[in-house]
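So you can see what is in the structure, the chains are spelled out below.
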Amino acid sequence: TPGCFAMTELGHGSNVAALATEATYDAQTDEFDIHTPNESAIKWWIGGAAEDAILAVVFARLLLPAKRTAQQPNSYEDMGVHAFVVPLRDAVTREVLPNVEIRDCGYKCGLNGVDNGAIRFTHARIPRWHLLDRFAQLDRSGVYTCNLSRSERFNATLGAL
């Protein structure tokens with residue numbers, strides 16, 4: 001299986017607006033830091049993840065550096081949920097990549113032929129161009145551009161599914 005769709009989280013189910021997985025932009029490296037901040041943010045029941053998927057389309061909150069102050073030297077602006085292409089396994093060896101943890105969700109009442117898995121990211125790094133940017137773009141310097149309101153972009157992103 002070349003890839004999987006990683007939206008559902010253990011603590012948020014299909015409530016996409018409440019997803020907690022983070023994609024923090026680092027302009028110094030031109031990368032996103034993909035991170036599962038807590039147990040409830042683990043991607044859960046992800047079809048194809050447990051044994052086969054090499055890549056995942058991961059839905060995560062896009063966090064951009066906000067204006068720094070002495071009181072908040074590490075503050076970020078939450079731009080809402082966006083989709084990112086995140087490698088899970090080496091394409092040749094099929095070994096799970098560093099900073100990615102995958103486990104099988106186990107036996108279920110039906111469709112046991114689907115290898116449903118749980119995915120946790122611990123500061124996995126991906127290049128900026130792995131942001132799926134049909135509705136919003138981010139340039140090298142961290143400037144975010146979107147011609148839609150936040151709710152319109154969210155609805156457009158989900159409507160394409």
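Throughout what follows, the structure given in this document is the object of discussion. Please read these numbers as outputs of a predicted model, since none were measured by experiment.

This part is about the overall build of the chain. Helices and strands together make up the secondary structure of the chain, namely one helix and eleven strands. Mapped in sequence order, the helices and strands of the chain form the string β-β-β-β-β-β-β-β-β-β-β-α. The C-alpha atoms of the chain give a radius of gyration of 16 Å, which matches the 15 Å a tight globule of 161 residues would have. With the C-alpha coordinates aligned to their principal axes, the bounding extent of the chain is approximately 50 × 30 × 30 Å. Out of the 161 residues in the chain, the part that is buried amounts to 40%. Nonlocal contacts in the chain, meaning residues at least 24 apart in sequence, comprise 66% of its contacts between residues at least 6 apart.

This brings us to the sheet that holds strand 4 (residues 43-46). Reading across the sheet, the three strands line up as 4-8-7 and stay open at both edges, with antiparallel pairing between neighbours. Either end of the sheet is taken by a strand with one partner, and the two such strands are strand 4 and strand 7 (100-104). Pairwise comparison of adjacent strand axes, ignoring direction, gives a mean angle of 20° for this sheet. Sheet topology note: the strand 7/strand 8 (residues 117-121) ladder contains five bridges and is antiparallel. What sits directly across from Glu 101, in strand 8, is Arg 120.

With that settled, the discussion passes to the packing of aromatic side chains. Per the stated rule, a full pass over the model turns up three aromatic pairs. Members of the aromatic cluster, joined through ring pairs, are Tyr 25, Phe 32 and Phe 84.

So, about unusual backbone geometry. One non-glycine residue, Asp 30, lies in the positive phi region at around 60°. In this structure, Asp 30 sits in the loop between strand 2 (22-26) and strand 3 (31-35). For Asp 30, a relative accessible area of 16% puts it in the buried group. One non-glycine residue, Arg 94, adopts positive backbone phi at about 65°.

Relative to the helices and strands, Leu 148 resides in the loop between strand 11 (144-145) and helix 1 (150-159). Here Leu 148 falls in the partly exposed class, since its relative accessible area comes to 33%. A C-alpha to C-alpha distance of 14 Å links Leu 148 and Leu 158, two positions ten residues apart in sequence. In contact with Leu 148, other than residues within four places in its own chain, are Phe 135, Arg 153 and Ala 156.

Now for the pairing of strand 3. Burial runs high along strand 3: four of the five residues are buried. As paired elements, strand 2 and strand 3 share five bridges and run antiparallel to each other. Among the inter-strand pairings, Asp 26 is bridged to a residue of strand 3, identified as Glu 31. The antiparallel hairpin formed by strand 2 and strand 3 contains four residues in its connecting segment, where Asp 30 sits at a positive phi of about 60°. Direction of pairing for strand 3 relative to strand 9 (residues 124-127): antiparallel, over a ladder of four bridges. By the bridge assignment, Phe 32 is partnered in strand 9 with Ile 126.

Parameters at a glance
- Residues numbered from 1 in each chain as written.
- Predicted model: local features only at pLDDT ≥ 70, side-chain atom pairs only at ≥ 80, totals over all residues.
- Heavy atoms only, no water.
- Helix = DSSP H or I, 4+ residues; strand = E, 2+ residues; numbered from the N terminus.
- Rg over C-alpha atoms; globule rule 2.2 N^0.38 Å.
- Buried < 20%, exposed > 50% of the residue type's maximum accessible area, 1.4 Å probe, protein only.
- Contact = heavy atoms within 4.5 Å.
- Pairing = 2+ DSSP bridges.
- Axes fitted to C-alpha atoms, helices over the stretch in contact; angles between N-to-C directions.
- Phe/Tyr/Trp six-rings, centres within 6.5 Å; stacked < 30°, edge-to-face > 60°.

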